[in-house]
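Next come the chains, spelled out residue by residue.
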Amino acid sequence: MPTTIMRTYSMSSVYILLNVAIGTFTMNCEGSTGIPPCDQILYYRVIFPFESACENNCTCKNKGIDFLVECSRRHLTKVPSNFPSETTILDLRENEISEIRADALNGVPNLTKLYLQQNVLSSLPENLLQSNKLLRTFHIQRNNLLELPSKLFVFNPQINDINLSMNKLKVIPETLLSTTISLRRLDISFNLLEELNQELFHKTPNITQLYVHQNHRRALHPQLFASLANLTSL
């Protein structure tokens, strides 16, 4: 007979009921069977999926080994606080966020994907991503960005997908990508860019997809793409 375990956990002031059938194996919550104690079992998210309400009118859910905080389409005007520290994906799409604090993401050090598209942001703090060293995906298209901090990605060496399209950018700082060695996809299309610095891609040799169309650019420097030996889409 399958053994059913029912135990209540607290996460971000929300109690989650786990009701898990695990065949004929009986788990010992004190750890004598070699299984981690019950107070550690939430780290095995692939085994115990759940979906629940979070603070700030968001939804928390497991997606395989990822922990998603879903805050899209909530009419938010600012980034909420008190996200669960185990958050790996944060979805803030399609809100009305007009500004974001420099420390807004300090509590999510495991963040790998951040979605901020379709808000009304016009600027970003330089240290916004300083606590998110595991970040790989950063999407902020369809906002009103006028400029970008030159050191925005200096703490994110693993980032491989950046989407800045459909903003109002006139310049991409020369050093914006100087630490993004892992970058593979960059979209800066549909902006107001008139030129791109010839040094912009010198430290991004792994880019395979680059989108620069629909800008106000003049002729591109002949050496602009010289370091992009792996480029397949332009």
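About the thresholds
Residues numbered from 1 in each chain as written. Predicted model: local features only at pLDDT ≥ 70, side-chain atom pairs only at ≥ 80, totals over all residues. Heavy atoms only, no water. Disulfide = S-S within 2.5 Å. Buried < 20%, exposed > 50% of the residue type's maximum accessible area, 1.4 Å probe, protein only. Salt bridge = Lys/Arg side-chain N within 4 Å of Asp/Glu carboxyl O. Helix = DSSP H or I, 4+ residues; strand = E, 2+ residues; numbered from the N terminus. pLDDT = per-residue confidence, 0-100. Contact = heavy atoms within 4.5 Å.

## Digging into the state of the cysteines
Right, on to step 1. In this structure the tally under the stated criterion is two disulfides.
Right, on to step 2. Each sulfur in the disulfide pair C54 and C60 lies 1.6 Å from the other.
Right, on to step 3. Given the relative accessible area of 13%, C54 is considered buried.
Right, on to step 4. Sulfur-sulfur distance for the disulfide between C58 and C71 comes to 2.1 Å. Classification of the bridge connecting C58 and C71 rests on its S-S torsion, roughly 115 degrees, and on that basis the disulfide is right-handed.

## Here we look at the pattern of salt bridges
Right, on to step 1. One pass over the structure, following the stated rule, counts four salt bridges.
Right, on to step 2. In this structure, E94 and R73 form a salt bridge, with 3.2 Å as the shortest nitrogen-oxygen distance. Here the residue E94 occupies a position in the loop between β6 (89-91) and β7 (113-115), and R73 occupies one in the loop between β5 (66-70) and β6, the gap between them amounting to 21 residues.
Right, on to step 3. We classify E94 as partly exposed; its relative accessible area is 30%.
Right, on to step 4. Overall, the relative accessible area of 51% leaves R73 in the exposed class.
Right, on to step 5. Here R185 makes a salt bridge to D161, at a shortest N to O gap of 3.5 Å. In this pair, R185 sits in strand β10 (residues 185-187) while D161 sits in strand β9 (residues 161-163), placing the two residues 24 residues apart along the sequence.
Right, on to step 6. Given a relative accessible area of 23%, R185 falls into the partly exposed group.

## Some words on the confidence of the model for the chain
Right, on to step 1. Per-residue confidence for the chain gives a mean pLDDT of 81; residues scoring 70 or more make up 76%.
Right, on to step 2. Contacts from residues 1-35, a stretch scored under 50 in pLDDT, to residues over four places away or in other chains number 65 contacts.
Right, on to step 3. Confidence drops under a pLDDT of 50 for residues 38-49, and excluding neighbours within four residues, the segment shows 27 contacts in the predicted structure.

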